[in-house]
Amino acid sequence: MPQNPLRVAVVCSSNQNRSMEAHSILSKKGFNVRSFGTGTHVKLPGPAPDKPNIYDFKTTYDQMYSDLIRKDKELYTQNGILHMLDRNKRIKSRPERFQTCKDQFDLIVTCEERVYDQVLEDLNSREQETFQSVHVINVDIQDNHEEATIGAFLICELCQCVSVCTFCVLGELGKLMKQCAALNNTPQCIQMGSTVTQTNVYR
């Protein structure tokens, strides 16, 4: 399948569930996609809500997988974390932090409002070197396996809509977002369409 020229980044907090599910689906659809997290550390569910498993972004998915098998294979098999990590390590070796990436994108899709704010804060702090537009859109997705799958297909639909436009100005993008939400019966899911277009590319 020829690669879609649209350069897409999908961003959640830890680059584990939501962004990686979208990464997987978009890649299979031929998109030029990368995925990221914005957190200071990678967090995965632990044996209790107040006892998450915390890793550095330099830790590979395979290392996390082995660590959780050692800690409690039955627990992390039942809650789907091992399956998720197995999926992740087949896509790339480790999670990546958005704030350390200097590549350029045409479209950045975030998976919750807090991450959206962090992405914009980082972009606005960077030195501007070119004058190409980048659209930043938030698609609100709950951080669980089922919602990540639904959200990933919605992000894919959105990317397909955007990719058919050779030049998406703000008004056109807003219309596309409304159409995409209506088609998927998720009118509240795609947010901030009127304020997401940046006038410069940041590096």
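Here's what I pulled together on the structure shown here. Note that the coordinates shown come from a computational prediction; the quantities given were computed from them, not determined experimentally. (Residues numbered from 1 in each chain as written. Predicted model: local features only at pLDDT ≥ 70, side-chain atom pairs only at ≥ 80, totals over all residues. Heavy atoms only, no water.)

1. What about the environment of Leu44?
Mapped onto the secondary structure, Leu44 falls in strand β3 (residues 42–44). For the pair Leu44 and Ser14, spaced 30 residues apart in the sequence, the C-alpha separation amounts to 8.2 Å. (Helix = DSSP H or I, 4+ residues; strand = E, 2+ residues; numbered from the N terminus.)

2. Details of helix α4 (residues 113–125)
Because each turn of an α-helix spans 3.6 residues, side chains separated by three or four positions end up pointing in the same direction. Here α4 is 13 residues long and its end C-alpha atoms lie 18 Å apart, about the 18 Å a rise of 1.5 Å per residue gives. Along α4, the positions that sit buried rather than exposed are Val115, Tyr116, Val119, Leu120, Asp122 and Leu123. Each buried residue of α4 sits inside an arc of 160° when the element is viewed along its axis, so together they form one side. Facing away from the buried surface of α4 by more than 90 degrees, the exposed residues are Glu121 and Ser125. (Expected span 1.5 Å × (residues − 1). Buried < 20%, exposed > 50% of the residue type's maximum accessible area, 1.4 Å probe, protein only. Arc of directions from axis to C-beta.)

3. A few points about the nonpolar core
Among the nonpolar cores identified, the biggest contains 22 residues, and Val8, Val10, Leu26, Leu107, Val139, Ile155 and Cys159 are the most heavily contacted of them. Among the elements of the structure, β1 (4–12), α1 (18–28), β2 (31–37), β5 (107–110), β7 (134–139) and α5 (145–163) are those that each provide at least two residues to this core. Counting residues per element, this core draws most heavily on α5, at 7 residues. With sequence-adjacent residues up to four places away left out, Cys159 is seen in contact with Leu6, Val8, Leu26, Phe31 and Leu107. Formed by 14 residues, the second largest nonpolar core is a distinct cluster that contains Ala9, Val11, Ile108 and Leu123. (Core = buried A, V, L, I, M, F, W, Y, C linked by side-chain atoms within 4.5 Å. Contact = heavy atoms within 4.5 Å.)

4. Describing unusual backbone geometry
One non-glycine residue, Asn15, lies in positive phi territory at about 55°. Within the secondary structure, Asn15 is located in the loop between β1 and α1. Overall, Asn15 belongs to the buried group, its relative accessible area being 0%.

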